[in-house]
Amino acid sequence: LDVLFFIVFLIIYVLTVSGNVTIISVTLADRQLHSPMYIFLCNLSFLDIMVATAIVPKMIQDFISLEKTVSVPACISQCYFYFFFGTTEVILLAVMSLDRYVAICIPLRYSTIMSTQMSFQLGLASWAGGFFSVLSPMIIISWLPFCGPNVIDHFFCDIEPLIKLSCGDTHLLEVLKLVLSTVVLLCSLLFTVLSYLYIIIITILHIPSSSGWKKAFSTCASHITVASIFYGSAIFMYIVPNKEFSFSLKKAVTLQMAVFSHLLNPFIYTLRNQQVRDALKDTVS
């Protein structure tokens, strides 16, 4: 099965990178897309590429390699970049829901509230939040002793298998991991859900035309679907206690979140957008 998995995940990785690179290229090439929403979408596409790159190349290498090994520094680095880019994406999804709330609920003040400076600051805050929220756990992991047998029960260097491999005291790290995961994920999820609920309940129900209602609801529904899958998988993996479910199931959920969701994001968030499709046609021609 190694060859089959190698081919499947190589195709997924190529599609993920090419789809997100296309979105970034079209957005940069077309001046009409130089708006806050597409700036955030460019950030999301770049994060999708980086999360997939942190995981998939090493994973597909292991599928066709006889020695499936990784050094301790490389393993900790992979774990750090996976959580850094993933946490940044979690925060960015909440920022994007705020952008959609302002655009739909306060359209006349949108350009004033979501100025270029504000968009840059919100994007920078997402990156800073992702960087600092995972820095402390990774520093603690780098101090842990690993006495062996150093066999990682996972597809990549996730934080939970790394903690299990340590022969030192990991209580502080486990508490810190749970607190940070709970705060970041639940706060971001709550903010995202409230933004879209407010959009649906207050604004969409007051749109007079059925076509406008369907268009607005379709946009929100697709965003909510992606966010629900992403948040649900992350909460199940990093907040729900291990005793409730088998770790094999958690590994499968993590693989779905780390690989497949980043393939779907370009199609759900951007390529369904008529303005982006028109810009893509203009760029190609």
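Calculation rules
The residue numbers shown here count from 1 along each chain, following its written sequence. The predicted nature of this model means local features are confined to residues of pLDDT at least 70 and side-chain atom pairs, given and counted, to a pLDDT of 80 or more, with totals for whole chains, interfaces and linings taken over all residues. Side-chain metrics rest on all non-hydrogen atoms present in the structure, leaving aside hydrogens and water. UniProt positions are given in the numbering used here, feature names are shortened, and annotations may be inferred rather than shown by experiment. Helix numbers and strand numbers start at the N terminus; a helix is a DSSP run of H or I with at least 4 residues, a strand a run of E with at least 2. The span you would expect from a helix comes to 1.5 Å times its residue count less one. For the purposes of these results, a polar contact is taken to be a pair of N or O atoms within 3.5 Å, where, inside protein, one atom must be able to donate a hydrogen and its partner to accept one; residues adjacent in sequence count only when each atom of the pair is a side-chain atom. Axis lines are fitted to C-alpha atoms, over the contacting stretch for helices. Their N-to-C directions set the angle, which ranges from 0 to 180 degrees. Throughout, the term roughly parallel applies to angles under 35 degrees, roughly antiparallel to angles over 145, roughly perpendicular to angles from 65 to 115, and oblique to all others. By definition, any crossing whose near helix is turned counterclockwise from its far helix by less than a right angle is left-handed, and any crossing with a clockwise turn is right-handed. A pair is scored as a salt bridge if a Lys or Arg side-chain nitrogen falls within 4 Å of a carboxyl oxygen belonging to Asp or Glu. How sure the predictor is of each residue is captured by pLDDT, a score from 0 to 100. Each Phe, Tyr or Trp ring (for Trp, its six-membered ring) is paired with any other whose centre lies within 6.5 Å, and the angle between the two planes then decides the class: stacked below 30 degrees, edge-to-face above 60, tilted in between. Think of it in three bands: residues with accessible area under 20% of the maximum for their type are buried, residues over 50% are exposed, and the middle band is partly exposed, with areas taken using a 1.4 Å probe on protein chains only. Like-charged residues within 9 Å of one another, or nonpolar side chains (Val, Leu, Ile, Met, Phe, Trp, Tyr) within 5 Å, are grouped into patches, provided each residue has over 30% relative accessible area and no salt bridge. Only the protein chains shown count as cover for residues, with accessible areas throughout obtained via the Shrake-Rupley method and a probe of 1.4 Å. Defined by distance alone, a disulfide is two cysteine sulfur atoms within 2.5 Å.

Looking at an unreviewed UniProt entry, the protein chain carries the name Olfactory receptor, with the source organism given as Ciccaba nigrolineata. In UniProt, the protein chain has this text filed under Subcellular location (unreviewed entry): "Cell membrane". Check the Sequence similarities (unreviewed entry) section of the UniProt entry for the protein chain; it says "Belongs to the G-protein coupled receptor 1 family."

Caption draft 1: Structural view of helix H3 (residues 72-105). For H3, built from 34 residues, the straight-helix expectation of 50 Å at 1.5 Å per residue is met to within 8% by its first-to-last C-alpha distance of 49 Å. Two or three places before alanine 74, at the start of H3, stands the capping residue serine 71, its side-chain oxygen 3.2 Å from that residue's backbone nitrogen.

Caption draft 2: The packing of helix H2 (residues 36-63) against H3, seen in detail. Remark: H2 packs on H3, axes separated minimally by 9 Å, with the N-to-C direction vectors making an angle of 160 degrees. Comparing the axis directions of H2 and H3 gives the class roughly antiparallel. H3 is crossed by H2, and the crossing has left-handed handedness.

Caption draft 3: Layout of the pattern of salt bridges. Tallied over the full model, the rule gives three salt bridges. Its salt-bridge partner being aspartate 2, residue lysine 68 comes within 3.8 Å of it at the nearest N-O pair. Here aspartate 2 lies in helix H1 (residues 2-29) and lysine 68 lies in the loop between H2 and H3, a separation of 66 residues in the sequence. With a closest N to O distance of 3.4 Å, aspartate 62 and lysine 58 form a salt bridge. One end of the pair is aspartate 62 and the other is lysine 58, both in helix H2 and four residues apart, which spans about a single turn.

Caption draft 4: Layout of the UniProt feature "transmembrane region" (unreviewed entry) in the protein chain. Feature annotation in UniProt places "transmembrane region" (unreviewed entry) on residues 6-26, 38-60, 80-103, 124-146, 178-205, 217-240 and 252-271, given in this structure's numbering. Segment residues 38-60 splits into 100% helix and 0% strand. End C-alpha atoms: 32 Å apart. Helix makes up 87% of residues 124-146 and strand 0%, whereas the separation of the span's terminal C-alpha atoms amounts to 35 Å.

Caption draft 5: Representation of the confidence of the model for the protein chain. In this model, the protein chain carries an average pLDDT of 82, and 87% of its residues clear a pLDDT of 70 or more. By mean pLDDT, helix H10 (residues 274-284) is the weakest element of the protein chain at 69, and helix H5 (residues 116-143) is the strongest at 90.

Caption draft 6: Geometry of the packing of aromatic side chains. Under the defined criterion, the tally for this structure stands at 15 aromatic pairs. When the centroid spacing of 5.8 Å and the interplanar angle of 70 degrees are considered together, the rings of phenylalanine 84 and tryptophan 127 count as edge-to-face. Highlighted residues: phenylalanine 84 in helix H3 and tryptophan 127 in helix H5, separated in sequence by 43 residues. Residues phenylalanine 131 and phenylalanine 132 carry aromatic rings whose centres are separated by 5.0 Å and whose planes lie at 85 degrees to one another, so their mutual orientation is edge-to-face. Residue classification places phenylalanine 131 among the partly exposed positions, given a relative accessible area of 32%. A relative accessible area of 57% means that phenylalanine 132 is categorised as exposed.

Caption draft 7: Quick look at a nonpolar patch on the surface. A surface patch of nonpolar side chains, about 630 Å² in accessible area, is lined by Leu190, Val193, Leu194, Leu197, Tyr198, Ile201 and Ile202. Along the chain, leucine 194 turns up in helix H7 (residues 171-203).

Caption draft 8: Broad picture of the state of the cysteines. Under the defined criterion, the tally for this structure stands at two disulfides. In this model, cysteine 75 is linked to cysteine 157 through a disulfide, with the two sulfur atoms separated by 2.1 Å. Its S-S torsion of about -120 degrees marks the bond between cysteine 75 and cysteine 157 as left-handed, since a negative value means left-handed. Residue cysteine 75 is located in helix H3, and its partner cysteine 157 is located in the loop between H5 and helix H6 (159-165); the two are separated by 82 residues in the primary sequence. Among the residues examined, cysteine 75 registers a relative accessible area of 4% and is labelled buried. Between the sulfur atoms of cysteine 147 and its disulfide partner cysteine 167 the distance amounts to 1.8 Å. Linking cysteine 147 and cysteine 167, the disulfide has an S-S dihedral of approximately 45 degrees and is accordingly described as right-handed. Taken as a pair, cysteine 147 in the loop between H5 and H6 and cysteine 167 in the loop between H6 and H7 lie far apart in primary sequence, 20 residues in all. In the protein chain, the cysteines engaged in disulfides, taken in order along the sequence, are linked 1-3, 2-4.

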